Amino acid sequence: MADYGAEEENRQGGERRMVIQPTSLEDPKLIKLKEVLVEWINKTLKVEHIVVRSLEEDLYDGLVLHHLLRRLAGAQLHVEEIALSTEAQVRKLEVILTALNETLELNEEKAKWSVKLIHSRDLLATLHLLVALASRFQPDLVLPVVSVEVVQCEVTKNGIKADKQTEIITFQSNSSAELERESNKECPIDELFKLEAHKIETVKKAILHFVNKNMSSLGLNVTDLDKQFADGVILLLLIGQLEGFFIPLSEFFLCPVGSSEMLHNVTLAMDLLIDQGLPVQSIDPQDIVSQDVPATVKVLYYLFKRHKNK
């Protein structure tokens, strides 16, 4: 069973425990952070055929952390590959976390995780650990800024003392801040739509040619830039073609019915573009579904700008 708090011993020998409030567990930003970290782990360990589905349930025994540390830091640790008993798992975690803390140049006392916390499937400690790893080895990974409400319970000689406070899990990194600034800059497409209609059409034709050139291998042809991207299908296929990865058909609606399925597709496409470092955060997926021409052309322009010379 997953644990949603963190605990530590205070100087008087009592235990201090932080428990995430249920309302924070439902925070969309926290849910998104967990999704991003799971995706990052799976991408990092893809060559080793390791798939993580739950941060709470899949990291406590040390296997995933061992492989992560080996892939990211090149650490060669003398631990058993699969630890079945509790004792073996704890021993394995002790070796892994010692090496991890050394890699991060972090004293054990300052770490917001411990063998006991990770092994007890503590979500807060696991998140702190993974965020530290991602920030060190992939600083360009865009993580949502997340803070959670926690209750800190401390065992004292006089009983249990409880105190509510806010625990910060992620800050806005320089890379994500730069991406946000880039996203908020006025795009040349914004300027384009202030010009005469014939100049707009010239640019749209260039982008349309670029799209069809890259979609021809799939036997697809776009004739209406304004409407054919509204359901997100062609946009997702185009992203896969340009960025060089396959999007499983189970992840989106190939024949979307209704605006909600279309919005799902477009939102997925925008998330993928953000993950690839394109500054499209200011574009509302609903605008594309609604066939807002400037929004659609802006997204295609960023893809065109990145891949036009490839």
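Nothing here was measured: the structure is a model prediction, and the numbers come from that model.

Let us look at the pattern of salt bridges. Once their charged atoms are close, side chains differing in charge can pair, the charge on each being opposite to the other. In this structure the tally under the stated criterion is eight salt bridges. For Lys-32, the salt bridge is made with Asp-271, and the minimal N-O distance between the two is 3.7 Å. Here the residue Lys-32 occupies a position in helix α2 (residues 28-44), and Asp-271 occupies one in helix α12 (residues 259-275), the gap between them amounting to 239 residues. On the basis of relative accessibility, which here comes to 28%, the residue Asp-271 falls in the partly exposed class. Across the salt bridge formed by Lys-204 and Asp-226, the nearest N and O atoms sit 2.9 Å from each other. Placement of Lys-204 in helix α10 (residues 197-215) and of Asp-226 in the loop between α10 and α11 (233-243) is noted, with a sequence separation of 22 residues between them. Taking relative accessible area as the criterion, Asp-226 reaches 24% and is therefore assigned partly exposed. Each member of the salt-bridge network shares a partner with another, and the members are Glu-48, Arg-70 and Arg-71.

Further remarks concern the environment of Glu-149. Here Glu-149 shows up in strand β3 (residues 147-156). When residues no more than four places from it in sequence are discounted, the contact partners of Glu-149 are Val-19, Ile-20, Gln-21, Ser-24, Gln-165 and Thr-166. There is a polar contact of 3.0 Å between the side chain of Glu-149 and the side chain of Thr-166.

Take the packing of helix α5 (residues 86-103) against helix α7 (residues 123-137) next. Relative placement of two packed helices is described by the angle separating their axes and the distance separating the axes. Where α5 contacts α7, the axes come no closer than 11 Å and their chain directions differ by 45°. Between α5 and α7, the angle falls in the class oblique. Crossing angle aside, the handedness with which α5 passes α7 is left-handed. Residues Leu-97, Leu-100 and Thr-103 of α5 form the contact with α7, whose participating residues are Leu-129, Leu-133, Arg-136 and Phe-137. Residue composition of the contact of α5 with α7, grouped by class: five nonpolar, one polar and one charged.

Tracing the sequence through the fold places Glu-48 in the loop between α2 and α3 (55-58). Placed 19 residues apart in sequence, Glu-48 and His-67 show a C-alpha to C-alpha distance of 8.4 Å. In this structure, Glu-48 is in contact with His-67, Arg-70 and Arg-71, ignoring residues within four places of it in sequence. Among the polar contacts listed, one links the side chain of Glu-48 to the side chain of Arg-70, at a separation of 3.3 Å.

Another aspect to go through is the packing of aromatic side chains. Within this structure, the stated rule accounts for two aromatic pairs. Geometrically, the ring pair formed by Phe-210 and Phe-304 is edge-to-face, given 5.3 Å between the ring centres and 85° between the ring planes. Here Phe-210, found in helix α10, pairs with Phe-304, found in helix α14 (residues 293-307); they are 94 residues apart in sequence, far enough to count as distant. Using a relative accessible area of 6% as the deciding quantity, one classes Phe-210 as buried. The ring of Tyr-60 has Arg-121 lying over it, and the distance from NZ or CZ to the ring centre is 3.7 Å. The side chain of Arg-136 reaches across the aromatic face of Phe-137, ending 5.9 Å from its centre.

A separate point is a nonpolar patch on the surface. On the surface, a nonpolar cluster with roughly 350 Å² of combined accessible area is contributed by Phe-246, Leu-249 and Leu-254. Positionally, Leu-249 belongs in the loop between α11 and α12.

Following both chains from N to C, one finds α2 and helix α4 (residues 63-73) inclined at 65°, their axes separated by 10 Å at the closest point. Between α2 and α4 lies a crossing of left-handed hand. Contacts between α2 and α4 involve Trp-40, Ile-41 and Thr-44 on the former and, on the latter, Val-64, Leu-68, Arg-71 and Leu-72. Looking at side-chain class alone, the contact of α2 with α4 contains five nonpolar, one polar and one charged residues.

With that out of the way, let us pick up α11. Counting buried residues in α11 gives nine out of eleven residues, a clear majority hidden from the surface. Directly after α11, the chain includes Gly-244, whose backbone phi takes a positive value near 80°.

Residues with a pLDDT of 70 or more make up 85% of the protein, whose mean pLDDT is 82. Low pLDDT (under 50) marks residues 9-13, which in the prediction has five contacts with non-local residues, meaning those over four places away or in another chain. Below pLDDT 50 for its whole length, residues 174-186 participates in 20 contacts with residues either more than four positions away or in separate chains.

Parameters at a glance
Residues numbered from 1 in each chain as written. Predicted model: local features only at pLDDT ≥ 70, side-chain atom pairs only at ≥ 80, totals over all residues. Heavy atoms only, no water. Salt bridge = Lys/Arg side-chain N within 4 Å of Asp/Glu carboxyl O. Helix = DSSP H or I, 4+ residues; strand = E, 2+ residues; numbered from the N terminus. Buried < 20%, exposed > 50% of the residue type's maximum accessible area, 1.4 Å probe, protein only. Contact = heavy atoms within 4.5 Å. Polar contact = N/O pair within 3.5 Å; in protein donor to acceptor, adjacent residues only side chain to side chain. Axes fitted to C-alpha atoms, helices over the stretch in contact; angles between N-to-C directions. Parallel < 35°, antiparallel > 145°, perpendicular 65-115°, else oblique. Left-handed = near helix turned anticlockwise from the far one by under 90°. Nonpolar A, V, L, I, M, F, W, Y, C, P; charged D, E, K, R; others polar. Phe/Tyr/Trp six-rings, centres within 6.5 Å; stacked < 30°, edge-to-face > 60°. Lys NZ or Arg CZ within 6 Å of the ring centre and 35° of its normal. Patch = residues over 30% accessible without salt bridge, like charges linked within 9 Å, V, L, I, M, F, W, Y side chains within 5 Å. Areas by Shrake-Rupley, 256 points an atom, 1.4 Å probe, with all protein chains shown as cover. pLDDT = per-residue confidence, 0-100.

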